[in-house]
Amino acid sequence: MSENFGGSTAINSLNFTTYDDADTGLKTRRGQPVWNESSVDELVEGQRYSTWPSIEKGCRGPQPYPSWLIEDAAAMDTELGILKTGKEGDVFLIERATESRSTLLAAKRYRGQEHLQFSRSQAYSEGRSARRSRDNRAVKNNSSYGREVAALQWASAEWTYLRRCHEAGIPVPYPVQIDGTEILMEFIADPENSRAAAPRLQQISRNDPRLPALWDQLADAMEKFVILGIAHGDLSAYNLLVAGERLVVIDVPQCVDLAGNVQGLDFLHRDCVNMCDWFTAKGLPRDAEALFTSLLASMFA
Ligand SMILES: Nc1ncnc2c1ncn2[C@@H]1O[C@H](COP(=O)(O)OP(=O)(O)OP(=O)(O)O)[C@@H](O)[C@H]1O
Ligand SMILES: [Mg+2]
């Protein structure tokens with residue numbers, strides 16, 4: 001679990017450098033450990049041993065594993081900083097490394113604390129089966145136990161949808177593992193700067209020549225969602241990353257079941273309106289009703 005971060009201090013055996021965050025947009029950055037024989041058994045703040053070996057098989061990403069995935073039990077995870085503080089949790093940049101190779105991961109950690117509102121959960125999750133009625137009552141009553149349960153439920157929902165989307169060929173970050181309220185996934189990097197997150201679609205300007213191709217990728221992804229029987233439910237230019245030419249859909253915990261949720265089609269319609277309005281405002285007119293109708297046709301095909 002994420003609590004493993006912050007182990008004993010052995011800073012003198014590691015060479016830590018601090019960076020400012022101008023290049024990557026990271027809020028904090030703790031620097032890089034330098035591997036040497038005396039350092040491998042010692043952890044500094046912001047480090048833990050890779051949690052991969054202790055993760056149950058069902059909590060690991062789908063096979064085949066991508067070539068960049070590190071399974072080595074001796075790997076270490078180093079927290080490099082916060083990518084974004086969000087409504088339900090925070091997204092951290094993690095480096096998972098062995099002596100010979102390393103990979104960057106995004107860690108989305110859901111919070112169960114007091115100030116968080118999970119009130120929107122009811123409309124989205126209607127139709128999902130309730131495993132434990134005691135848990136559902138606690139979530140409803142917003143008790144501290146309920147907030148913990150809600151955080152676990154959101155993480156679990158995001159994990160399930162990430163896997164389903166990945167397996168259906170929807171461009172989402174590869175889901176690496178889930179451990180309680182922490183999901184590790186592929187870090188979608190900016191091709192210009194491998195340690196910075198890819199920009200959100202929101203940051204793409206009106207004259208960007210990639211807009212038509214990005215629209216095509218989005219329409220294709222939305223069609224794949226409805227073929228799976230779900231809608232993203234919170235689609236916006238903030239939940240789409242643009243890695244060079246590639247559009248990546250993120251933030252999927254609130255996906256809605258189109259058949260089981262009576263408001264499912266309303267969420268799908270809202271996604272269509274949000275995205276068509278955004279592209280239209282950028283000078284690429286798109287019709288939400290036409291998109292919605294064509295998605296309904298794909299759904300019932
Ligand atoms: N896999 C990833 N690779 C790179 N950056 C990511 C990744 N996942 C999330 N981010 C960054 O973190 C931000 C927040 O992620 P996400 O939308 O999933 O969380 P959220 O809690 O819903 O946040 P918000 O409230 O801002 O929507 C993204 O806009 C993006 O900048
Ligand atoms: Mg988001």
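Positions within a chain are numbered from 1, following the residues in the order the chain's sequence is written. Lettering of chains starts at A and numbering of ligands starts at 1, both following the order in which they are written. Only residues with pLDDT of 70 or above have their local features reported here, since the model is predicted, and side-chain atom pairs are shown and tallied only from 80 upward, although totals for entire chains, interfaces and linings are computed over all residues.

Chemist: Requested: an account of unusual backbone geometry, with residues and values cited.
Modeler: Cis peptide bonds are those with omega within 30 degrees of zero, and the linkage from Q63 to P64 qualifies with -5 degrees. With respect to the secondary-structure elements, P64 resides in the loop between β1 (47-49) and β2 (76-85). Unusually for a residue other than glycine, D251 sits at a positive phi of about 65 degrees. A run of H or I in DSSP becomes a helix once it reaches four residues, and a run of E becomes a strand once it reaches two; helices and strands are each numbered from the N terminus. Mapped onto the elements, D251 comes out in the loop between β11 (246-249) and β12 (256-257).

Chemist: If you had to explain helix α3 (residues 144-167) to someone new, which residues and values would you point to?
Modeler: Given a helix with a known number of residues, its expected span is that number minus one, times 1.5 Å. The end-to-end C-alpha distance of α3, which contains 24 residues, comes to 35 Å, matching closely the 34 Å that a straight helix rising 1.5 Å per residue would cover. Looking only at α3, the buried set comprises R147, V149, A150, A151, Q153, W154, A155, E158, W159, Y161, L162 and C165. Phi turns positive one or two residues past the end of α3, at G169, with a value near 80 degrees. Three exposure classes are used, based on other C-beta atoms lying within 10 Å of a residue's own C-beta, which is placed from the backbone: buried for 20 or more, exposed for 12 or fewer, and partly exposed in between.

Chemist: Just give me the short version of the confidence of the model for the chain, but keep the residues and values in it.
Modeler: The predictor's confidence in any single residue is recorded as pLDDT, a number from 0 to 100. When pLDDT is averaged across the chain, the result is 85; 79% of the residues are at 70 or more. The contact criterion used here is simple: two residues whose C-beta atoms, placed from the backbone, lie within 7 Å are in contact. Taken together, the stretch residues 6-20 has pLDDT below 50 and engages in 28 contacts with residues farther than four places along the chain or on a different chain. The model gives residues 28-39 a pLDDT under 50, and that stretch makes 26 contacts with residues more than four places away or in other chains.

Chemist: With reference to specific residues and values, describe the environment of R96.
Modeler: With respect to the element layout, R96 can be found in strand β3 (residues 89-97). Look past the residues within four positions of R96 in its chain and what remains in contact with it is S50, I70, A75, D77, S102, T103 and L105.

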